[in-house]
Amino acid sequence: QENIILNNFSNIDVRQIALSNTIGEMKFYISNNGYDAWNSLAPIYDDKLQESIDVPVSTLDSELQDEDKTKISLVKIDVEGWEKFTLLGGKSFFENYAPIIMVEFTEQNTFNAGYMVQDIYNVLIEMGYSWYRIENEVLVRDSMRLRYPYVNLIAKK
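What counts and how
Residues numbered from 1 in each chain as written. Predicted model: local features only at pLDDT ≥ 70, side-chain atom pairs only at ≥ 80, totals over all residues. Heavy atoms only, no water. Pairing = 2+ DSSP bridges. Helix = DSSP H or I, 4+ residues; strand = E, 2+ residues; numbered from the N terminus. 1 Å grid on protein atoms, 1.4 Å probe; cavity = no way out; pocket = protein on both sides within 12 Å on 5 of 7 lines; lining within 4 Å. Points joined across faces, edges and corners; volume = space filled by probe spheres on them. Nonpolar A, V, L, I, M, F, W, Y, C, P; charged D, E, K, R; others polar. Phe/Tyr/Trp six-rings, centres within 6.5 Å; stacked < 30°, edge-to-face > 60°. Buried < 20%, exposed > 50% of the residue type's maximum accessible area, 1.4 Å probe, protein only. Core = buried A, V, L, I, M, F, W, Y, C linked by side-chain atoms within 4.5 Å. Lys, Arg positive; Asp, Glu negative; His and termini not counted. Salt bridge = Lys/Arg side-chain N within 4 Å of Asp/Glu carboxyl O. Polar contact = N/O pair within 3.5 Å; in protein donor to acceptor, adjacent residues only side chain to side chain. Contact = heavy atoms within 4.5 Å.

Q: So, the sheet that holds strand β2 (residues 24-30): which residues are in play, and what are the values?
A: Strand order in the open sheet formed by three strands is β1-β3-β2, with mixed pairing between adjacent strands. Of all strands in the sheet, those with a lone pairing partner are β1 (18-19) and β2, marking the two edges. Across seven bridges, β2 lies against strand β3 (residues 51-58) in antiparallel orientation. Bridging across to β3, F28 finds its partner in I53.

Q: Please give an account of the layout of surface pockets that cites residues and values.
A: One number sums up the size of the largest pocket: a volume of about 1,200 Å³. Lining the largest pocket are 35 residues; nearest its centre among them are D13, R15, L19, L60 and K76. Counting only elements with at least two residues in the lining of the largest pocket, the list comes to α1 (2-6), β1, α2 (60-63), β4 (74-77) and α4 (91-97). In terms of residue count, the dominant contributor to the lining of the largest pocket is β4 (four residues). Each residue belonging to the lining of the largest pocket can be placed in one class, and the counts come to 20 nonpolar, seven polar and eight charged.

Q: Quick rundown of the packing of aromatic side chains? Include the residues and the values.
A: Here the structure, examined in full by the defined rule, presents seven aromatic pairs. Ring geometry for F85 and Y115: centres 5.5 Å apart, planes at 85°, overall edge-to-face. Pair noted here: F85 is in helix α3 (residues 83-88) and Y115 is in the loop between α5 (107-113) and α6 (117-126), with a separation of 30 residues, a long-range link. Exposure class is identical for F85 and Y115. Each is buried. Between the aromatic rings of F93 and F94, the centroid separation amounts to 5.2 Å while the plane-to-plane angle is 50°, which identifies the pairing as tilted. Summarising the burial analysis for this pair, F93 and F94 share the class buried.

Q: I'd like a rundown of the nonpolar core, residues and numbers included.
A: Formed by 31 residues in total, the largest nonpolar core has its most connected members in L87, F94, I101, F105, L124 and W131. Sorting the residues of this core by element identifies β3, β4, α3, α4, β5 (100-105), α6 and β8 (151-156) as the ones contributing at least two each. Ranked by the residues each element gives to this core, the list is headed by α6, at five residues.

Q: An account of the side chain of E80 is needed here, citing residue identities and associated values.
A: Examined against the element boundaries, E80 turns out to sit in the loop between β4 and α3. In this structure E80 is buried but unpaired, with K76 as the nearest side chain of opposite charge at 8.2 Å. At 2.8 Å, the side chain of E80 forms a polar contact with the side chain of N109. In contact with E80, other than residues within four places in its own chain, are A37, W38, N39, S40, A42, E104 and N109.

Q: Any details on the environment of F93? Residues and values, ideally.
A: Summarising the element assignment, F93 is placed in helix α4. Overall, F93 belongs to the buried group, its relative accessible area being 2%. Sequence separation between F93 and Q50 is 43 residues; the distance between their C-alpha atoms is 35 Å. Contact partners of F93, with chain neighbours within four places excluded, come to L60, D61, L64, K69, I72, V75, A98 and P99.

Structural data, given as structure tokens:
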């Protein structure tokens, strides 16, 4: 909210909810020792995240129900391992409106959430998307990899 005010944006709707493939409440794991970038719905079984709080959870399809989805052309997803579930919760939106999607792939975070990074790749392939990476300021088709330590990829139809 502070960045919205600082940058004089007027077309941003802030909602204090987590996105997943279900509606309800979930534990959100948080760091109080400098690992804030690891805060996630996915638990981590080391000392990075020491606490959890209960947070409301919704799906992207539910949250966009009353919105003009034709105005959304890009979706950036960086949810520290919860990408697969966030994408599945927006299945109708992604299949029917086909925005460009930028996704952060981080192997360790998806392992913490109980799945493989390749699952993210396959979820969007099944929705009709193709994967790309930016190389020398150009979109280049990206093939599925064996490992994804950390990378941002772009999916588009």
